[in-house]
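The primary structure of each chain is shown beneath.
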Amino acid sequence: MLLRRVLPALTAAGLLLASGPAVLASAADTTNLALGKPITASSVIGNFAASNADDGDPTTYWEAAGASFPNTLTVSLGSNADVTSIVLRLNPSTDWGARTQTIEVLGRDQDADQSNSGGFTSLVTATPYVFDPATGNTVTIPVTARIADVQLKITSNTGSGGGQISEFGVFGTPSPNPDLTITDATATAGTEADNLTASAVVQNVGQLATSVTTNVTFYLGTTKVGTTQVGPLAIGASATVSAPIGRHDAGSYQLTAKVDEANRIIEKDETNNAFTAPSPLVVAPVVSSDLVAAVSPTPATPSAGDLVNFVATLKNQGTKASATGHSLKATITDTYTGRFQTVLIGVHVGVLAPGASATVHLGQWRAGADGRYTVKTELSADGNEVALKRANNVSTQDLYVGRGSAMPYHTYEAETGKLRGGAAVVGPNRTIGDLAGEASGRQAVTLNQIGASVEFTTKEPTNTLVARFSVPDGAPSTLDVYVNGRFLKPITLNPRYAWLYGPEASPGNDPAAGPARHIYDEANLLLGTTVPAGSKIRLQKDAANTGTFAIDFVSLEQVAPIANPDPAHLVTPAGFSQQDVQAALDKVRADITGSLTGVYLPAGDYPTSDKFTVAGTAVKVVGAGPWFTRFVAPQYRVNVDVGFRISASANGSSFAGFSYFGDYDTRLDGQGRVFDLANVSDLSIDDVWVEHSVVMVWGTTVHNLTVSNSRARDLMADGINLTNGSTGNHVVNNEARSTGDDSFALWAATDLHNGDQRDNVFEHLTALTPWRAAGVAVYGGQADTFRDVVVADTLAGSGVTISSLNFGVTMRDFGPDPTALTNFSVVRSGGHFWGGQTFPAIWVFSATTVFRAVRVSDVDIVDPTYSGIMFQTDYIGGQPAYPVTDTVFSHVSVSGAHRSNDAFDAKSGFGLWANELPEPGQGPAVGSVTFHDLTLCDNAQDIKNTTSTFTINIGK
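Residues numbered from 1 in each chain as written. Predicted model: local features only at pLDDT ≥ 70, side-chain atom pairs only at ≥ 80, totals over all residues. Heavy atoms only, no water.

Caption draft 1: Layout of helix α1 (residues 578-590). With 13 residues, α1 should reach 18 Å at 1.5 Å per residue; the first-to-last C-alpha distance of 18 Å fits that figure. Residues of α1 that are buried include every one of Gln578, Val581, Gln582, Ala584, Leu585 and Val588, and no others. For α1, the arc enclosing every buried residue in end-on projection is 155 degrees, short of the 170-degree limit, so these residues lie on one face. The elements touched by buried residues of α1 are β39 (570-571), β40 (598-601), β41 (604-607), β42 (611-614), β43 (620-623) and β44 (629-632). (Helix = DSSP H or I, 4+ residues; strand = E, 2+ residues; numbered from the N terminus. Expected span 1.5 Å × (residues − 1). Buried < 20%, exposed > 50% of the residue type's maximum accessible area, 1.4 Å probe, protein only. Arc of directions from axis to C-beta. Contact = heavy atoms within 4.5 Å.)

Caption draft 2: Quick look at a nonpolar patch on the surface. Taken together, the side chains of Phe340, Val343, Ile345, Val347 and Val349 present a nonpolar region at the surface, about 510 Å² in accessible area. Structurally, the position occupied by valine 347 is in strand β22 (residues 340-348). Residue classification places valine 347 among the exposed positions, given a relative accessible area of 57%. (Patch = residues over 30% accessible without salt bridge, like charges linked within 9 Å, V, L, I, M, F, W, Y side chains within 5 Å. Areas by Shrake-Rupley, 256 points an atom, 1.4 Å probe, with all protein chains shown as cover. Salt bridge = Lys/Arg side-chain N within 4 Å of Asp/Glu carboxyl O.)

Caption draft 3: The pairing of strand β47 (residues 673-678), seen in detail. Counted residue by residue, β47 has five buried out of six residues, so it is predominantly covered. Here two bridges tie strand β45 (residues 643-646) to β47, and the two strands are oriented parallel to one another. Counted as the bridge partner of arginine 645 is aspartate 676 from β47. In this structure, β47 lies alongside strand β49 (residues 695-700), joined through five bridges in parallel fashion. Paired with phenylalanine 675 across the two strands is valine 697, which belongs to β49. (Pairing = 2+ DSSP bridges.)

Caption draft 4: Quick look at unusual backbone geometry. With an omega of 10 degrees, the peptide bond running from glycine 427 to proline 428 counts as cis. Here proline 428 shows up in the loop between β28 (424-426) and β29 (444-447). Phi at alanine 773 is positive, roughly 70 degrees, even though this residue is not glycine. Structurally, alanine 773 is set in the loop between β55 (761-768) and β56 (776-779). Classification of alanine 773 as buried rests on a relative accessible area of 0%. Look at alanine 853: it is not a glycine, yet its phi comes out positive at around 55 degrees. Position of alanine 853 among the secondary structure elements: in the loop between β62 (842-846) and β63 (854-862).

So, in structure tokens, the structure goes:
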């Protein structure tokens, strides 16, 4: 996100005159069956989500993407209702002009066959309806139908390019249906050595009997621990069911029982299917010692060449004193290659009482190279430790060496390769739309004549090739790949998803619209053979390769498909279609035995044309690896909204080992989010590759999500963006390349959920060549942490944005607990955008909410495009919005801030800059900042502060 982002729909509420026949408002009923129910739309624009249309607030609204008619807005009531009217509202404010929307109303019975046009039938034919603030901006449509799902199909709107609804009300009476509920849940008490049993009382409080068997599931906290079944129940009947729930560690647990998670039975009320026991289940400890070891490296985040000291804390967390004498062994290996590094051994002599700890020195290891390492700790069995307590004697943890992510591939810059046959290095420069200016390292290699080539010597074995390339806009080209001097196969380079033109904030695909940008893309190729380390891989333009080529870099990786890790519990789809995969997901959801835990996706291409629905239960989705299990958008179509939509009923789900190759060739806000998450928790996304979509992960009110070891590439907007009170999330070891907005972001907006956004950790991240906005951005919130990050070669925005701009929606302030950014490398970053505005390596922007409690430390800024750190304040009505306060930078270096010698030269060359005139009509930066241990070198001007309103305090 960048300053002055304009959401097109903000202008849609202008004073527009309505035309067409008037169907005006009438008084609404008092009971709205749709309020807060699940609601979906065929498309959305910006933050104008479908959920705005049934949130009870007429000032929020859904809006479809522009020029996308027909639009649909569908609300699910959960079960049939005898509907009497539909009441549609827009914001009653007189700021909204009258408008006419042509709307058809459709409905679907709860038992409808959804394979035929989705099961919807027309209830009210397409009719023009006038929405006018003079009459409350409300339209009432009489309907007589027994339906469970109601859909609006909007085909025109005189007030906007897409449909708009503030409130979608459905009025009527719930139809007769069963209604299962749980009235009691208990579990047998015992020790952690005992296999426990849980029981629940299920009652049908509905108006119809149930006719099928369904499931009853038991949870301790949020962990599913057992499943059983309950048979058909007459009206008012009850049944007591039980299930084994296994052994559990000593402690106090919240016991919850849920009925019909598989949704086999359509009920009058789907919200009363869970019951939490009023008293916790207490599991007593066994009499035993229980030794655990936690290893701490110092430094915790070493650099290559550092001597790392390992110390273990040995603790007895059992109920009995340990025997004497314990040995610990720590084995360090390269995570991806398995290459052995060293073994460290330590010994503790003596007895540990219950709860006591001891320190064990294991020794030192010199970190030889940047990367990701696994530290496996093995603790010898204690004589007083029963077998049950020995499972935790072996543990593993990650150790990262160097800043940024540690991915399983090596990247080779083309300008460092061996050039032949007229191949040439271009650059460096920082020009948008230029082969060098948009390349990583600001240099690339051109292959413009037959025989021109660039060759790389492999550091590790590889059987894959990824090339970042630029070819002229138009038809795909091929480039020949050679291994050790012999032709292997061609790689196809398709410019379809690159080359945008025109307005910098909203470029499109028409070359006549203006200058080009985003001119690079990536291509990937399975080589079909393993190329040993030390081999030569060459990209060469031969006679068969028409056109001209620029190569920025290649990435090489050794991969192998992953077999089904749990065939007994992971379902394999019958085929590779959208329907096959969804059927497998539904099979897991509908399983009432509890034996199915997820879906395994074998190697292959999976054509998809819609989002998959994951609901009803936690599901594991496991692929054969992102090189082998590949979701692909449908051919001959563009901008198809594919990915995963996950319900809160599937909290605890995990997704791993696949890729998603979309088909977006332009940015459409509100769609193209592969993981479109809202109001979910305890999800994990691991080893996933997303390319040619809009966003990889967009999370609204998401808690305890982990996104790890994943790659976001060539997107039209953000890589990962979490917002609206998202808390406790962990984003670790991910790389983003060429995102069209912030690569990694936290945005404390409250437009959809007024919650505190805090306790999120973003670490070990790399953001390369974002072509719009920043590598890392944080907008408000508190107690959030970004650490061990590399940002390089931003094109049009800052490397790091720290901003309190709310983008026109409500947002939480920064603080009072600090937001921390530590251990960053920001290289060749900054750019110009929004006309004449230049952006620095780190942009500190106090804007429309309070700016405070920011801590930045251990940062190296190298060769910024315009300035190292810029302080800026937003002005509203000629007055500063909020000052920069309580902001401290420690251990920061800025080097190489040179004059740009371009149209923005006067705004360049500053190590630190208190911007005295951010934009025409605004004023100077306001507030203060404190620096400790600041290093400034090789800058045209170390500090520029001509303001009387901003203070830069330099301490020791």
